[in-house]
Amino acid sequence: MDNKLSENRKFLINRMGYFRVRAKLSARDLSLRMGKSPGYINKFEAGGINLPVDILFDIFDILNVSKEEFFSQDPEKFEREKKFIMKFRNLSKENQDLVYNIMESLK
């Protein structure tokens with residue numbers, strides 16, 4: 001990977017590789033599923049090309065990843081944190097306050 005790439009580009013490239021491997025797809029397989037040339041994703045992961053946003057969203061669909069998960073701080077913890085947030089939202093206001101205060105005391 002080119003050292004001159006911005007941190008944002010490096011992030012996208014690394015995340016793409018993470019989710020592609022998780023989906024058990026080679027760069028070539030992902031490229032072909034997108035209807036692109038076999039080397040398309042390799043070029044992106046090598047820092048050679050940019051991906052238009054609409055292509056990136058198509059890739060999310062192929063890799064079965066939401067934009068929230070893709071851009072989450074830690075994809076390995078995403079599902080657990082998402083479940084926690086949903087449970088928290090379903091609590092009464094009083095219980096939300098209680099949980100929040102407990103969490104604050106754990107800092």
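Throughout this document, residue positions are counted from 1 along each chain, in the order its sequence is written. A pLDDT threshold of at least 70 governs which residues receive local features in this predicted model, and a stricter bar of 80 or more applies before side-chain atom pairs are shown or counted, although totals over entire chains, interfaces and linings include all residues. For side-chain calculations, the full set of non-hydrogen atoms in the structure is used, while hydrogens and water are omitted.

Caption draft 1: Inspection of the overall build of the protein at higher detail. Numbering of helices and strands runs from the N terminus; a helix is a DSSP stretch of H or I covering at least four residues, while a strand is a stretch of E covering at least two. When helices and strands are counted, the protein shows 7 helices and 0 strands. Sequence-ordered secondary structure for the protein, helices as α and strands as β, is α-α-α-α-α-α-α. Counting only C-alpha atoms and orienting by the principal axes, one finds that the protein spans roughly 55 × 30 × 20 Å. The buried label applies to any residue whose accessible area, calculated with a 1.4 Å probe on protein chains only, is under 20% of its type's maximum; exposed applies above 50%, and partly exposed to all values in between. Out of the 107 residues in the protein, the part that is buried amounts to 29%. In the protein, the proportion of contacts linking residues at least 24 apart, taken out of those at least 6 apart, comes to 49%. The criterion used for residue contact is that any of the two residues' heavy atoms lie within 4.5 Å.

Caption draft 2: Expanded view of the environment of Ile 62. Relative to the assigned elements, Ile 62 resides in helix 4 (residues 53-63). Not counting the four nearest positions on each side in its chain, Ile 62 is found in contact with Leu 25, Leu 30, Arg 33 and Met 34.

Caption draft 3: Quick look at the packing of helix 1 (residues 7-22) against helix 4. Across the interface, helix 1 lies against helix 4 with an axial gap of 10 Å and an inter-helix angle of 25°. As the angle between them shows, helix 1 and helix 4 are arranged roughly parallel. Between helix 1 and helix 4 the crossing geometry is left-handed. Across from Leu 12, Met 16, Phe 19 and Arg 20 in helix 1, the residues of helix 4 making contact are Leu 56, Ile 59 and Leu 63. Put simply, Ala, Val, Leu, Ile, Met, Phe, Trp, Tyr, Cys and Pro go in the nonpolar bin, Asp, Glu, Lys and Arg in the charged bin, and everything else, Gly too, in the polar bin. Of the residues in the contact of helix 1 with helix 4, the class split is 6 nonpolar, no polar and 1 charged. Simply put, an axis is a line fit to the C-alpha atoms, just over the touching stretch for a helix, and the angle between two N-to-C directions goes from 0 to 180 degrees. Angle categories are assigned with fixed cut-offs, so that under 35 degrees is roughly parallel, over 145 is roughly antiparallel, 65 to 115 is roughly perpendicular, and the rest are oblique. Handedness of a crossing follows from how the near helix is turned relative to the far one, being left-handed for an anticlockwise turn of less than a right angle and right-handed for a clockwise one.

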